[in-house]
Amino acid sequence: MNRILVVGGGIMGTSVGLQLARAGHHVTIIERGVPGAEASSAAAGMLAPQMEAQADGPGLTLGLKSRELYPAWVTQLATASGVDPLYVPSGALQLAFDAEQRQALEAQYAWQRARGLDVALLSGDEARRLEPALSPAVEAALHLPREAQVDPSRLMRALTIAASRAGCTFTSGLVRGLVERSGRCVGVDLDGQHLQADTVVLAAGAWTPLVGGAGVSGETIRPMRGQMAELDPKLPLHRCLLKSPLGYLVPRQDGRVIAGSTMEFAGFDKSVTVEGLAKLLSMAQRVVPALATAPVTGMWSGLRPWTQDTKPIIGFGHLAGLILATGHFRNGILLAPVTALLVEQLLTGTPPAVDLVPFRADRFATARA
Ligand SMILES: Cc1cc2nc3c(=O)[nH]c(=O)nc-3n(C[C@H](O)[C@H](O)[C@H](O)COP(=O)(O)OP(=O)(O)OC[C@H]3O[C@@H](n4cnc5c(N)ncnc54)[C@H](O)[C@@H]3O)c2cc1C
């Protein structure tokens, strides 16, 4: 049994902690605020690797593996915690409003078909038959029936309860830095106190470079702000996730719609701005005109852990005894189950479920050299 310290109580830290506690390790999760209160509960909860991928490659492979793990993972979580994370295999429609956008969808359709993925190219009218509330201005759409969604706040609640019941200890405080002895990470400095560990898992999201001795520069991971709005038309207007080039709409089962999201480098500022909100609201109306009369019932923002190549870092750090599970950028909710599995496989020396070379932490240092 290993003594494991996990730095960060977001979805990454908690999912990894739960996985390792179930495998019999002694796990402590250290969180400076409230577990899950940062990017992980700000998220829309889309589980949409096909919609997110710009091209075929390792990022898509990782996302598809995690999407495949999701149904069993959430069922286990609901059983262990008593909280249903509201997983819905809603499918997604990616929308085009003009000829240029339609060409981009056609190209995406071609490479996704070549990879053997489930995808259909629809005309505007075919898309409206599936989702009658869609704007008449939609010219074409990709239908991605395997994409899904989850409610991130409920998921975080389920995860923290399940992790705690599996034996994880949650500790409050700020990890200032890692403690190193002879090239090995032997623990962390928690508010000036040295906590010892056999392995430290760094899962501090956008704040990872601020952990002293982490070996991750502020160029490698940066906070990217995403603003969100919640609309409540009362009656459900659509069932699929809808994505346009200007943003997305995520329909919750109770009729609420989450409109997202901006992509801004604004440091650690989590303001919701006039400009950001205006963009989201005009996008929402353009995609589903009936949303024009819906009350706006919420607005918030969160900080995505952006990386230089937009892929996560999952692998050993620059010190023995250090594992990184961070930099999940726009897809950390999707990638939680596969990341937890991969960290356990790294720890036990089991062959990884997915090739980890593209996600190694030292790839950025190599690129700089
Ligand atoms: C607006 C928005 C929409 C999104 N939509 C989606 C989506 O639809 N689908 C999807 O898959 N992903 C989505 N994401 C991305 C996803 O939310 C993130 O990738 C994911 O939450 C990252 O999880 P994390 O645990 O690494 O980070 P976080 O949730 O930010 O957690 C990191 C935690 O570490 C703690 N911490 C940091 N430093 C220290 C320290 N020194 N000591 C102690 N604790 C520390 C922080 O307090 C924080 O709680 C979205 C993100 C945003 C902002």
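Reading the values: rules and limits
- Residues numbered from 1 in each chain as written.
- Predicted model: local features only at pLDDT ≥ 70, side-chain atom pairs only at ≥ 80, totals over all residues.
- Heavy atoms only, no water.
- Helix = DSSP H or I, 4+ residues; strand = E, 2+ residues; numbered from the N terminus.
- Contact = heavy atoms within 4.5 Å.
- Phe/Tyr/Trp six-rings, centres within 6.5 Å; stacked < 30°, edge-to-face > 60°.
- Buried < 20%, exposed > 50% of the residue type's maximum accessible area, 1.4 Å probe, protein only.
- Lys NZ or Arg CZ within 6 Å of the ring centre and 35° of its normal.
- Salt bridge = Lys/Arg side-chain N within 4 Å of Asp/Glu carboxyl O.
- Domains from an automatic or database assignment.
- Buried area = accessible area lost by both parts, 1.4 Å probe.
- Polar contact = N/O pair within 3.5 Å; in protein donor to acceptor, adjacent residues only side chain to side chain.
- Nonpolar A, V, L, I, M, F, W, Y, C, P; charged D, E, K, R; others polar.

Structural notes on the side chain of Ser66
Part 1: Summarising the element assignment, Ser66 is placed in helix H4 (residues 58-81).
Part 2: Beyond its immediate stretch of four places on either side in the chain, Ser66 contacts Leu334, Leu335, Ala336, Pro337 and Val338.

With respect to the packing of aromatic side chains
Part 1: If you walk through the whole model with that rule in mind, you get 4 aromatic pairs.
Part 2: Between Tyr70 and Trp73, the aromatic rings sit 5.2 Å apart at their centres with planes inclined by 80°, giving edge-to-face as the arrangement. With Tyr70 and Trp73 both in helix H4 and 3 residues apart, this pair spans about one turn of that helix.
Part 3: Taking the relative accessible area as the measure of exposure, Tyr70 reaches 0% and is therefore buried.
Part 4: Since its relative accessible area comes to 8%, Trp73 is described here as buried.
Part 5: Among the aromatic residues, those joined into a cluster by ring pairs are Tyr70, Trp73 and Tyr87.
Part 6: The ring of Phe265 is capped by Arg222, whose NZ or CZ atom sits 3.9 Å from the centre of that ring.

Remarks on the pattern of salt bridges
Part 1: All told, the structure shown has 19 salt bridges when counted by the stated rule.
Part 2: Here Glu38 and Lys270 are joined by a salt bridge, their closest N and O atoms 2.9 Å apart. Within this pair, whereas Glu38 is found in the loop between strand E2 (26-31) and helix H2 (39-42), its partner Lys270 is found in the loop between strand E16 (257-260) and helix H8 (274-287), the two being separated by 232 residues in sequence.
Part 3: Classification of Glu38 as partly exposed rests on a relative accessible area of 23%.
Part 4: Each of Arg32, Glu38 and Lys270 takes part in one network of salt bridges that share partners.

Quick word on the domain arrangement of the protein chain
Size of an interface, as often reported, equals the accessible area lost when the parts are brought together.
Part 1: By the assigned domains, the protein chain splits into domain 1 (3-81 + 152-219 + 308-368) and domain 2 (92-148 + 222-307).
Part 2: The distance between the C-alpha centroids of domain 1 and domain 2 comes to 27 Å.
Part 3: With 39 residues of domain 1 at the contact, the number on the domain 2 side is 33 residues.
Part 4: Here domain 1 and domain 2 share an interface that buries about 2900 Å² over both sides, 60% of which is from carbon and sulfur atoms.
Part 5: Inspection of the region where domain 1 meets domain 2 yields 3 salt bridges.
Part 6: In this structure, Arg115 engages Asp56 in a salt bridge whose closest nitrogen and oxygen atoms are separated by 2.5 Å.
Part 7: Counting every contact that joins domain 1 to domain 2 gives 17 residue pairs in polar contact (both at pLDDT 80 or more).
Part 8: Looking at the side of domain 1 that touches domain 2, the elements that each hand over two or more residues are H2, strand E3 (46-47), helix H3 (49-52), H4 and helix H10 (363-368).
Part 9: Looking at side-chain class alone, the side of domain 1 that touches domain 2 contains 19 nonpolar, 11 polar and 9 charged residues.

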